[in-house]
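# Descriptive analysis of the structure
Here are the chains, one letter per residue:
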Amino acid sequence: MFAAVAIVMVLVGIGIQYHTHSSDASDVTGREKRLERAIAKEGEKWQIAKELELDGYIVSGAYSTEQRAAITVFEQDANGDYQFLTAKDGNVDQVLMDQIIIREKVYDVIWFAGAQTEYANVTYTLENQVQHTIQYDTANMDLWYHEAPDQAYTIQVSYYDAQGNAYQ
């Protein structure tokens, strides 16, 4: 009797470990599966191209087999796993911009997966006055983020390829 109970407990433990591991989003493949469950259309597959860690959260840039792109956010839970939190998606040829809140801080996040670009200019305007323009290297198509100003503002983003062609 004791042996049968011990065998059942071991099998239950293996099943729990398998289920936990199979639903794990601590790696890119797991996060892609979570993203697909959250926003994919039937038959659509998503691939995460870029990621950055921001105060314990993972922000990802992903694209799909249906010519869509997304900025996604995954939040780490108490077990160290990552849960899908939110996504801003659009066509792959669009410059994607999203505002995310992480630990009570607001961030602007920008990503463009549509074309290989060299750099981007991000211009913040407060009360109709340009505050500053930030230029950043986009040759590796990385995600860009910046803590948002505390007051009402507008943001303008222009990406440029090696020939100087603008994408907005």
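Overview of the structure.

### Section: the environment of V106
Mapping V106 onto the fold places it in strand β6 (residues 105-112). As a C-alpha pair, V106 and H146 span 40 residues in sequence and 8.7 Å in three-dimensional space. If we skip the residues at most four places from it in the chain, V106 touches Q99, I100, I101, H146, E147 and A148.

### Focus on the pairing of strand β8 (residues 129-137)
In terms of strand pairing, strand β7 (residues 119-126) meets β8 through 8 bridges, oriented antiparallel. Across the sheet, residue N121 finds its bridge partner in β8, namely Q135. In this antiparallel pair of consecutive strands, β7 and β8, the connection spans 2 residues, and E127 shows a positive phi of 50 degrees.

### Things to note about unusual backbone geometry
A positive phi angle is found at D55, which is not glycine, with a value near 50 degrees. Following the sequence through the fold, D55 ends up in the loop between β1 (46-54) and β2 (57-64). Taking the relative accessible area as the measure of exposure, D55 reaches 39% and is therefore partly exposed. Residues other than glycine seldom take positive phi values, yet M141 does so here, at roughly 55 degrees. Examined against the element boundaries, M141 turns out to sit in the loop between β8 and β9 (144-147). Residue M141 is classed as buried on the basis of its relative accessible area, which comes to 18%.

### With respect to the packing of aromatic side chains
Inspection of the entire model under this criterion finds 8 aromatic pairs. For the ring pair Y119 and Y160, a centre distance of 4.9 Å and an interplane angle of 20 degrees mean the geometry is stacked. With Y119 in strand β7 and Y160 in strand β10 (residues 154-160), this pair connects stretches of sequence that are 41 residues apart. The exposure class assigned to Y119 is partly exposed, which follows from its relative accessible area of 28%. The interplanar angle of 80 degrees and the centroid separation of 6.3 Å between the aromatic rings of Y136 and Y159 together place this pair among those described as edge-to-face. With a gap of 23 residues between them, Y136 in strand β8 and Y159 in strand β10 connect regions that are remote in the sequence.

### Considerations on the pattern of salt bridges
Scanning the model with the defined rule gives 6 salt bridges in all. R31 is paired through a salt bridge with E51; the nearest N and O atoms lie 2.8 Å apart. Taken together, the residues span a long stretch of sequence, with R31 in helix α2 (residues 28-39) and E51 in strand β1 at a distance of 20 residues. Between D89 and R68 there is a salt bridge, with its nearest N and O atoms 2.5 Å apart. Here R68 lies in strand β3 (residues 68-76) and D89 lies in strand β4 (residues 82-91), a separation of 21 residues in the sequence. The partly exposed category is assigned to D89, whose relative accessible area is 34%. Relative accessible area serves as the criterion here: at 11%, R68 is assigned to the buried category. Via salt bridges that share partners, E44, R68 and D89 belong to a single interconnected network.

Each value, and the rule that gives it
- Residues numbered from 1 in each chain as written.
- Predicted model: local features only at pLDDT ≥ 70, side-chain atom pairs only at ≥ 80, totals over all residues.
- Heavy atoms only, no water.
- Helix = DSSP H or I, 4+ residues; strand = E, 2+ residues; numbered from the N terminus.
- Contact = heavy atoms within 4.5 Å.
- Pairing = 2+ DSSP bridges.
- Buried < 20%, exposed > 50% of the residue type's maximum accessible area, 1.4 Å probe, protein only.
- Phe/Tyr/Trp six-rings, centres within 6.5 Å; stacked < 30°, edge-to-face > 60°.
- Salt bridge = Lys/Arg side-chain N within 4 Å of Asp/Glu carboxyl O.

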